[in-house]
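What follows is the residue order along each chain.
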Amino acid sequence: MMDLLHWIDGAFVPATNGGWLPVTEPATGQTFARCAAGTASDIDRAVQAARSAFPTWSQTTTAERVSILERFAALIDDHCDELATLESQDGGKPIARARSVEIPRVAENFRFFASALRHEHNDAFTSGPNVLHWTHRRPRGVAGCISPWNLPLYLLSWKVAPALAAGCTVVAKPSEVTPATATRFAELSGEAGFPPGVLNIVHGLGSEAGSALVRHPDVPTISFTGGTTTGRDIAVSCAKQFKRTSLELGGKNPFVVFADADVDRAASEAARAAFSNSGQICLCGSRILVESSVLPEFQEKLLAATAAMRVGDPAEETTHIGSLVSESHYLKVKQAIEAAPGTVLCGGGRPNGLPDRCREGWFLEPTILTNLPESCALEDEEVFGPVASVRAFSDESEALRLANATPYGLAASVWTKDLDRAHRLVQRVEAGVIWINAWMVRDLRTPFGGAKQSGLGREGGIESVHFFQEPAGVTLRLGDPS
Ligand code: NDP
């Protein structure tokens, strides 16, 4: 049994009150670790360490900061196999996905923000021969970073890397459902050379440790990724203290296929968009909208592409879809399928042929439903599991109406060869991330975030670094003003 401790002030420490939370491998249902159950006093200890480390860290030169960030990226690359194995065990995600997509992206996040820092520039102006104006950005202090369980280290590092690059010190609260990689990451941060207190990780429940971090008066900046309901509570709490807040929340994303699209490609990408990571990615395309004239052909190809995805033991290299993250999440997703007033085209149950090791695991077949009413829980609410719906539309205006028909506005994927139409839709689809003839192709320089109830603010590019800094407009008058 592994013990996952807090990382505070450069050392592993247990929870102040000695509490623990069990950590379960969802593919087997077996508890394999326990993590420290952080409370407000652990958060306070971490915030005090981060406050003490701030004056020195915030004054490091760009070259020093860049070199530590790059060293950390290299160490993560060196430990990719180990981190991927832990991530797969902790979250039930396919090992191949963890090793080839998620952990490399953790390293890339640090490399990217090191490079962004190296290339950062601020505007300067003259308003007369002797008057200079420029922007001075100073780090905002201790940053609170709260991340979910679906892409545990990938999303944690997407916040921590820009915060550290900006010169802030950090207290991070990973999801207690998947705390394993964050613990190893903390240890590696020490090897990379971050001084004690610069990065602190506190495990624990959102309702205890998470909420204490959000409310802490010495943490002026909160970056949160998670569900919309939690995000709303955090926004209210932060508003009371005028904290700067970034919220990356849920999605119910449309995947829109027009008759002129490459139907083969659209169908295979629709399956990938719906079922990658068991549908537990905020960007998954869970509402597949198809122009009626190609619906029969598309549906047949979508079902074939789905059938070709192998659900199995996440530890096996050839598995495409692993387990869901926990028993409670499995029950929630299963209940959403059972309550849906539609026709199940495929899936809905436990997959056959799982190895003995996975007998007690939380597996669900990829599930596609159709004939649902336009408004029902499955169409309106984020399920966050391997579940998608298919619906026909007759023309572009109906496609647009359906695409925008939920309170969410995170991502949309539009498939058409008509570039005029694509351009029209880019202007009208209510989403923060829009793909044309693609899904999940990202460039870290572009803004990332949601419209409507999918969030507030944008991550990505230099904006992520600026989020953690306070800009000041500075004016310098030179010479004798008389
Ligand atoms: P939650 O909102 O339940 O939790 C996210 C994190 O916040 C966890 O660390 C959680 O801790 C913590 N937390 C919970 N309650 C509070 C609170 N009151 N104060 C402070 N922190 C709290 O989300 P899930 O972990 O269930 O993650 C899934 C959600 O994340 C989905 O809705 C998904 O769409 C969204 N998401 C959004 C992304 C985006 O970029 N827009 C990307 C990925 C996911 P604990 O685990 O202990 O509850």
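Read on for a plain summary of the structure. Model, not experiment: these values are computed from the prediction.

The next thing to look at is the sheet that holds strand E19 (residues 411–415). Strand-to-strand pairing in sheets goes through backbone hydrogen bonds, with the strands running parallel or antiparallel. On the basis of which strands lie adjacent, the open sheet formed by seven strands has the order E15-E16-E17-E14-E13-E19-E20 and mixed pairing. Because the sheet does not close on itself, it has two edges, and the strands there are strand E15 (343–346) and strand E20 (433–436). Averaged over all pairs of adjacent strands, the angle between their axes in this sheet comes to 25°, without regard to strand direction. Where E19 and E20 come together, four bridges link them in parallel fashion. The residue bridging Val414 from the neighbouring strand is Ile436, located in E20.

To continue, consider the sheet that holds strand E4 (residues 20–25). What the three strands build is an open sheet, ordered E1-E5-E4; its pairing is mixed. Two strands lie at the open edges of the sheet, namely strand E1 (2–4) and E4, each paired on one side alone. Within this sheet the neighbouring strands show an average axis-to-axis angle of 35°, counted without direction. Strand direction decides the pairing type here: E1 and strand E5 (residues 30–36), joined by three bridges, are parallel. Bridged to Asp3 within E5 is Arg34. On top of the sheet, helix H3 (residues 80–91) reaches E1, E4 and E5; it is set at about 95° to E4, its chief contact.

The environment of the ligand is made up of 30 residues, and the closest members are Glu176, Thr230, Leu249, Cys282 and Glu382. Between the ligand and Gly226, the relevant distance is 3.4 Å, taken from an oxygen atom to a main-chain nitrogen or oxygen of the residue. One nitrogen or oxygen atom from the side chain of Thr230 is found 2.7 Å from an oxygen atom belonging to the ligand. Its free accessible area being 900 Å², the ligand has 86% of it covered by the protein chains. When atom positions are compared with the pocket grids, the ligand is found to occupy the largest pocket. In terms of residue count, the dominant contributor to the shell around the ligand is helix H7 (residues 206–215) (four residues). Here the shell around the ligand is built from residues that sort into 14 nonpolar, twelve polar and four charged.

Glancing now at the pattern of salt bridges. Scanning all chains against the criterion turns up 31 salt bridges. Glu396 is paired through a salt bridge with Arg421; the nearest N and O atoms lie 4.0 Å apart. Remark: Arg421 occurs in helix H14 (residues 419–428) and Glu396 occurs in helix H13 (residues 396–403); sequence separation between them is 25 residues. Both residues of the pair, Glu396 and Arg421, count as buried. For Glu396, a relative accessible area of 18% translates into the label buried. Salt bridges sharing partners connect three or more residues here, namely Asp260, Glu396, Arg421 and Arg424.

On to the nonpolar core, then. Counting 95 residues, the largest nonpolar core has Phe110, Val160, Phe185 and Phe298 as the members making the most contacts within it. A per-element tally of this core places helix H4 (residues 95–119) first, with eleven residues. Setting aside anything within four residues of it in sequence, one finds Phe185 in contact with Phe72, Ile76, Val106, Phe110, Leu153, Leu156, Ser157, Val160, Leu199 and Ile201.

Locating Ser293 in the fold gives a position in the loop between strand E14 (285–291) and helix H10 (295–307). You can call Ser293 exposed: its relative accessible area is 59%. Along the chain, Ser293 and Ala392 lie 99 residues apart, while their C-alpha atoms are 8.7 Å from each other.

A separate point is the packing of aromatic side chains. Aromatic ring pairs are reported here in terms of the distance separating the ring centres and the angle at which the planes meet. Within the structure shown, the criterion is met by 14 aromatic pairs. For the ring pair Trp7 and Phe12, a centre distance of 4.8 Å and an interplane angle of 70° mean the geometry is edge-to-face. On the accessibility criterion, Phe12 (29% relative accessible area) is partly exposed. Where Phe255 meets Trp415, the ring centres are 5.6 Å apart and the plane angle is 25°; that geometry is what we call stacked. Highlighted residues: Phe255 in strand E13 (residues 253–257) and Trp415 in strand E19, separated in sequence by 160 residues. Classification of Phe255 by relative accessible area gives buried; the value is 0%. By relative accessible area, which is 1% here, Trp415 ends up buried.

Across six bridges, E4 lies against E5 in antiparallel orientation. Within E5, the position partnered with Thr24 by the bridge is Thr31. Following E4, the chain reverses through four residues before pairing antiparallel with E5; Gly29 in that reversal takes a positive phi of roughly 75°.

What counts and how
Residues numbered from 1 in each chain as written. Predicted model: local features only at pLDDT ≥ 70, side-chain atom pairs only at ≥ 80, totals over all residues. Heavy atoms only, no water. Pairing = 2+ DSSP bridges. Helix = DSSP H or I, 4+ residues; strand = E, 2+ residues; numbered from the N terminus. Axes fitted to C-alpha atoms, helices over the stretch in contact; angles between N-to-C directions. Contact = heavy atoms within 4.5 Å. Near = heavy atom within 4 Å. Polar contact = N/O pair within 3.5 Å; in protein donor to acceptor, adjacent residues only side chain to side chain. Areas by Shrake-Rupley, 256 points an atom, 1.4 Å probe, with all protein chains shown as cover. 1 Å grid on protein atoms, 1.4 Å probe; cavity = no way out; pocket = protein on both sides within 12 Å on 5 of 7 lines; lining within 4 Å. Sits in = over half its atoms within 2 Å of the grid points. Nonpolar A, V, L, I, M, F, W, Y, C, P; charged D, E, K, R; others polar. Salt bridge = Lys/Arg side-chain N within 4 Å of Asp/Glu carboxyl O. Buried < 20%, exposed > 50% of the residue type's maximum accessible area, 1.4 Å probe, protein only. Core = buried A, V, L, I, M, F, W, Y, C linked by side-chain atoms within 4.5 Å. Phe/Tyr/Trp six-rings, centres within 6.5 Å; stacked < 30°, edge-to-face > 60°.

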